[in-house]
Amino acid sequence: MRTLAKRHYWLSLSIAALLLLSGACSRELPSQYFRMLAFGTIMELEVIGVDPQTAQKAHQALQHDFDLMHKAWHAWEPGPVGRINQYIREGKPLAAPPSVLPLLRLSRDLAEKSDHLFDPGIGKLIALWGFQSSELKPHAPPEKEAIEAILEQHPSIQDVHLDGMHITCDNPAVQLDFGAVGKGYGVDRAIERLKEMGIGNAIVNAGGDLRAIGSRAGNPWRIAIRDPDGGGIFALLSVTGDESVFTSGNYERNFSWGGKLYHHIIDPRTGYPAKDSASVTVIHSDAATADAAATALFVAGPKDWHRIAKQMGIKYVLLIDTEGRAYMNPAMRERLKLQKTPREIIISDPL
Ligand code: AMP
Ligand code: MG
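Residues numbered from 1 in each chain as written. Chains lettered and ligands numbered in written order. Predicted model: local features only at pLDDT ≥ 70, side-chain atom pairs only at ≥ 80, totals over all residues. Heavy atoms only, no water.

Student: Which residues make up the coordination of the magnesium ion (ligand 2), and what are the values?
Tutor: The magnesium ion (ligand 2) binds to the protein through Ala-180 (O), Asp-291 (O), Asp-291 (OD) and Thr-295 (OG1), with metal-donor distances spanning 2.0 to 2.5 Å. Donor residues for the magnesium ion (ligand 2), ordered by position in the chain, follow A-x110-D-x3-T. Of the two residues, Asp-291 and Thr-295 both sit in helix H8 (residues 287-312), 4 residues apart, roughly one turn of that helix. (Donors = N, O, S within 2.8 Å, 3.2 Å for Na, K, Ca; no water. Helix = DSSP H or I, 4+ residues; strand = E, 2+ residues; numbered from the N terminus.)

Put into structure tokens, the structure is as follows:
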């Protein structure tokens, strides 16, 4: 999905920040760290108060699960989603691969609630822009006509029909790309697995996007939110219990051409990278919803994020626009410890 190199800076920032923030008491803590490779990024597992054998088992189980998930959900490599895409292209029905069915169902639901600003059916547009490539190089943006030719066919995950196990799609322009939700869904499965193993205090961090359960030896997990303008830390946030924090940012995957920056979050209505937002951070109980919502609210932008957040049942949002203004709901404002002074802070009505 995403290249490793692109994420290194933020990843190291997030690891450094987490270590730094919890550093004061980390020496006494029986905390164990593991790293895994999945979804084109380094995933971090931290468990607290777990015996080393169980921690090792958890690490192996998660690495194994992530490998399977990565293979199953990759849109552009051979595998179950690749096969669905091939059948859709050929206009043929197929039996849904069990590894994809729940993600497909959930994604259809989330897409609908987001007014299709999050829509994993727009894989053709993603590919046209070249964002499917694991080695993103600067290149000319696609021709307007090529974008319009896809838009005219209105590809959407809503065209993918599920009847029990049967998948049919009446729109050959649909190509599934779960890049905006798969990582979140994978993090949820990982946390589920840890809970099954009796682990109650843990964090699964996917390059800065994470879900945390329990606490850090009685203290909250401390999370750093990146400043989309030049990096550094924009705000700090405490998390306890069971919460996910996901960010979509224009700095994650992009290329410059002719002095313009083109990033990877595409507005399904225009076929172009979504305007006005620089980053959106969402806190929610489950990571899949947080992931999809961060993408949807990024597309919705400063004018429409509040309405879409309400529809998606999101209670905490921070949106930083391309001019450095920070939009947030009052509950989010209360949770953030700002480390930078934004150009302006705009507090919305409660969500
Ligand atoms: P995220 O970083 O979670 O916002 O996900 C961005 C990735 O999801 C991109 O690299 C694309 O593969 C895909 N994507 C881009 N725009 C959209 C969109 N509007 N809806 C669904 N998926 C998208
Ligand atoms: Mg997302």
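Student: Tell me about the environment of Ala-290, and name the residues and values.
Tutor: Along the chain, the position of Ala-290 falls in helix H8. Judged by relative accessible area, Ala-290 falls into the buried class, the value being 0%. Between the C-alpha atom of Ala-290 and that of Gly-184, which follows or precedes it by 106 residues, the distance is 7.2 Å. With residues near it in sequence (within four places) discarded, Ala-290 still touches Ser-244, Phe-246, Val-282 and His-284. (Buried < 20%, exposed > 50% of the residue type's maximum accessible area, 1.4 Å probe, protein only. Contact = heavy atoms within 4.5 Å.)

Student: Now, about the pattern of salt bridges: what can you tell me, with residues and values included?
Tutor: Under the criterion given, the structure shown has 20 salt bridges. For Asp-188, the salt bridge identified is with Arg-211, shortest N-O distance 2.6 Å. With a gap of 23 residues between them, Asp-188 in helix H7 (residues 182-196) and Arg-211 in strand E7 (residues 209-214) connect regions that are remote in the sequence. Note that Glu-344 is salt-bridged to Arg-325, the shortest N-O span being 3.6 Å. Remark: Arg-325 occurs in strand E15 (residues 325-328) and Glu-344 occurs in strand E17 (residues 344-347); sequence separation between them is 19 residues. Through salt bridges that share partners, Asp-321, Glu-323, Arg-325, Arg-343 and Glu-344 make up one connected network. (Salt bridge = Lys/Arg side-chain N within 4 Å of Asp/Glu carboxyl O.)

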